[in-house]
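Spelled out from the first residue to the last, the chains are:
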Amino acid sequence: MPDAPRSMLGELRQAVLDGNAKEAAAATERALAAGVPAGTLVDEALIPAMDEAGRLFESGEFFVPELLVAARALKASQAFLTPLLAGGPAMARGRIAIGTVKGDMHDIGKNLVVALLQGGGFEVIDLGADVPPERFVAAVADDRADIVGLSALLTTTMLQMTTTVRALEAAGVRGSVKVIVGGAPVTQRFADEIGADGYADNAAAAVVLARRLMDAPA
Ligand code: B1M
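Conventions used here
- Residues numbered from 1 in each chain as written.
- Predicted model: local features only at pLDDT ≥ 70, side-chain atom pairs only at ≥ 80, totals over all residues.
- Heavy atoms only, no water.
- Helix = DSSP H or I, 4+ residues; strand = E, 2+ residues; numbered from the N terminus.
- Buried < 20%, exposed > 50% of the residue type's maximum accessible area, 1.4 Å probe, protein only.
- Axes fitted to C-alpha atoms, helices over the stretch in contact; angles between N-to-C directions.
- Parallel < 35°, antiparallel > 145°, perpendicular 65-115°, else oblique.
- Left-handed = near helix turned anticlockwise from the far one by under 90°.
- Contact = heavy atoms within 4.5 Å.
- Near = heavy atom within 4 Å.
- Polar contact = N/O pair within 3.5 Å; in protein donor to acceptor, adjacent residues only side chain to side chain.
- 1 Å grid on protein atoms, 1.4 Å probe; cavity = no way out; pocket = protein on both sides within 12 Å on 5 of 7 lines; lining within 4 Å.
- Sits in = over half its atoms within 2 Å of the grid points.

Participant: Go over unusual backbone geometry, please, and point to the residues and values.
Facilitator: Within the chain, Asp130 stands out as a residue other than glycine whose phi angle is a positive 55°. Tracing the chain through its elements places Asp130 in strand β2 (residues 123–131). You can call Asp130 partly exposed: its relative accessible area is 33%. Look at Arg144: it is not a glycine, yet its phi comes out positive at around 55°.

Structure follows, in structure tokens:
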């Protein structure tokens, strides 16, 4: 990549880390105008910025307020990128209800998954963050979702994935829906243990997985 776009990625990364929403939006607009693809801005500026914020949090240099303003700056950038990422063909590949599980407020990664699923031709019901199991059940029973997507970023809230799968079983709708799971602490092994139909470790892989599950017999 030429030097100018590379330095633009650095500017965006820094604006997010500084929690400067105005500069994050401006840096995003500059980079897009210079032809840097939206996906590159996500992969090489936004995700590394949040990884760095996580490292600074662990080392005691960042506290929750710094994480919050960094997340707000990231969302200022994401507002420009989401329509570009979601701009794929509307092919109605299937209906996916997705949310971050109960007790978990982290929604940046989930929002990326939503954008790429929309770009991949899925109809997405975005349930938001801190979603109780009964809301996922209703998305299947009432809104007839083909797939339920569960995101979790905390080792503690991963357990809500188990609770949600059990709630789908108890409501008698587990057989009519595929369940996919993801989020930083989640693994394929955990997905297998809780009886999920699939695990994806990033947003692009979630789209591939959802397509594969829609093609598979129920
Ligand atoms: Co929090 N937080 N946080 N946090 N936070 C983490 C997750 C943590 C790892 C930081 C750390 O200690 N290093 C740590 C968790 C430790 C653990 O449980 N193992 C942590 C903690 C401890 C906490 C609090 C408890 C802090 C406190 O209050 N003392 C608190 C909990 C609040 C709650 O949820 N109840 C808390 C709060 C927050 C903020 C609100 C301040 C903010 C979130 C803002 C928001 O999301 N709106 C925040 C942030 C920003 C982070 C870090 C720094 C960044 C997370 C992020 O957005 N990553 C994070 C450290 C880190 O991850 N490096 C951290 C970027 C994002 C693109 O990646 O979400 O992993 P990710 O999504 C990826 C994949 O995982 C995957 O695709 C995405 C894109 O590729 N994916 C899926 C995600 N969902 C998927 C679903 C799928 C498939 C793939 O299918 C359905």
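Additional details are given in the paragraphs that follow.
Participant: Describe the packing of helix α6 (residues 133–141) against helix α7 (residues 158–170), and please don't skip the residues or the numbers.
Facilitator: At a closest axis distance of 9 Å, the pairing of α6 and α7 adopts a crossing angle of 40°. Our classification of the angle between α6 and α7 gives oblique. The way α6 lies across α7 gives a crossing that is right-handed. In contact with Pro133, Phe136, Val137 and Val140 of α6, α7 contributes Gln160, Thr163, Thr164, Ala167 and Leu168.

Participant: Any chance you could break down the site of the ligand for me, citing the residues and the numbers?
Facilitator: Close to the ligand lie 36 residues, the nearest being Glu58, Met105, His106, Asp107 and Ser151. At 2.7 Å, a side-chain N or O of Glu58 approaches a nitrogen atom of the ligand. Contact between the ligand and Lys75: a nitrogen atom at 3.4 Å from a side-chain N or O atom of the residue. In a pocket analysis with a 2 Å cut-off to the grid points, the ligand is assigned to the largest pocket.

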